[in-house]
Amino acid sequence: MKIIQLTDTHIVPDGGQLFESDPAARLRAAIKDINAKHADADLCVLSGDLTHNGDREAYATLRDILEDLQPPRQLVVGNHDDRTRLCDAFPEVERTKDGFLQSFRDMNDHRLIFLDTIEPGVHTGAFCEKRASWLSHALSDAGERGVLIFMHHPPTTIRMPKLDAYRILDAGPLQATLAAHKANVRHIFFGHIHRPLAGSWHGIPISATKGTNHQSGLDFSAGSTNTVTLEPASYAVIFVDSGSVIVHFDDFSDTSPRFVYDPSAAPDKQIQRL
Ligand SMILES: [Fe+2]
Ligand SMILES: [Fe+2]
């Protein structure tokens, strides 16, 4: 199974700029790259902050751009989104009976679970008992399937104080629900931090990838400024089989020089610039 994770697209109404960059143009470039390299992907997950301000025009722009995406898509809600406007633009997005944008789909012996970690009006993450109850049911009938979880906020500190302030402040209900089940949770994927990251949380592998428009500067200090950069954007290419979950980060917008390298060739022929 191959899954693409795109995150933090932060779309503004078409033509608008964000951090001196055009999020719509950046997403179009990502989709062009995905279609060229990964049209065979089983799914493309957009893991939240689909728009920057949650306005209807931006969702209409997003919907228009996503028409070109060849793999099937799954949308996850982020703190910059608006649940109602998101669902108005994308009626296929499922809501739980409590109104959270949580759903799952079974693919290739796996259950992919999509969680809602937002709290309207604030940028911090949340995962309440109602959401945990829904997750409990989704895990309890997952059977022998491997479980992959996609959500917007990180469940844990990432040792970057300025970003940690906006994590899920109380991940207890999430952690307790995962611990209470014998489900085979193989990986948690998230966005929000606009950084590439890999690690584990209570024994579960976790990873995040950069956004398609702008990134967070890598800074472990507790200073007062939050730095945004225009490092090359990327998306994640995820391969899943019964024995492994492999996550690659493709800086699709990188324009640095490329070379053909053949160490077995004559010394003066080993390196050729493309
Ligand atoms: Fe974001
Ligand atoms: Fe976010």
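So, a few notes on the structure that sits alongside this text. Predicted model only: the values in this text are computed from it and were never measured.

Definitions and limits used
- Residues numbered from 1 in each chain as written.
- Chains lettered and ligands numbered in written order.
- Predicted model: local features only at pLDDT ≥ 70, side-chain atom pairs only at ≥ 80, totals over all residues.
- Heavy atoms only, no water.
- Phe/Tyr/Trp six-rings, centres within 6.5 Å; stacked < 30°, edge-to-face > 60°.
- Helix = DSSP H or I, 4+ residues; strand = E, 2+ residues; numbered from the N terminus.
- Core = buried A, V, L, I, M, F, W, Y, C linked by side-chain atoms within 4.5 Å.
- Buried < 20%, exposed > 50% of the residue type's maximum accessible area, 1.4 Å probe, protein only.
- Contact = heavy atoms within 4.5 Å.
- Donors = N, O, S within 2.8 Å, 3.2 Å for Na, K, Ca; no water.

**Observations concerning the packing of aromatic side chains**
Scanning all chains against the criterion turns up four aromatic pairs. Between phenylalanine 104 and tryptophan 134 the ring centres are 6.3 Å apart and the planes differ by 45°, which places this aromatic pair in the tilted class. Remark: tryptophan 134 occurs in helix H4 (residues 129–140) and phenylalanine 104 occurs in strand S4 (residues 103–107); sequence separation between them is 30 residues. Ring centres of tyrosine 235 and phenylalanine 252 lie 5.6 Å apart, and the angle between their planes is 25°; this geometry places the pair in the stacked category. A residue pair is termed long-range when its members are at least 10 positions apart, and tyrosine 235 in strand S12 (residues 235–240) and phenylalanine 252 in the loop between strand S13 (245–250) and strand S14 (259–261) qualify at 17 residues.

**Focus: the nonpolar core**
With 31 residues, the main nonpolar core has Leu6, Leu62, Leu66, Leu75, Leu86 and Phe90 as its most contacted residues. Where this core is concerned, the elements lending two or more residues are strand S1 (2–6), helix H1 (23–38), strand S2 (43–47), helix H2 (56–66), helix H3 (83–89) and S12. Among residues more than four places away in sequence, those in contact with leucine 6 are Leu27, Ala30, Ile34, Cys44, Val45, Leu46, Ser47, Thr212 and Tyr235. Judged by nonpolar contacts, the second largest core, of 28 residues, contains Phe127, Met151, Ile168 and Leu178.

**Focus on the coordination of the iron ion (ligand 1)**
For the iron ion (ligand 1), the protein coordination sphere consists of Asp8 (OD), His10 (NE2), Asp49 (OD) and His194 (NE2), at 2.0 to 2.2 Å. Here the iron ion (ligand 1) and the iron ion (ligand 2) are spaced 3.5 Å apart, and both take aspartate 49 as a donor. With histidine 10 in the loop between S1 and H1 and histidine 194 in the loop between strand S7 (184–190) and strand S8 (197–201), the pair connects residues that are 184 residues apart, well separated along the chain. Here histidine 10 matches histidine 194 in class, with each residue buried.

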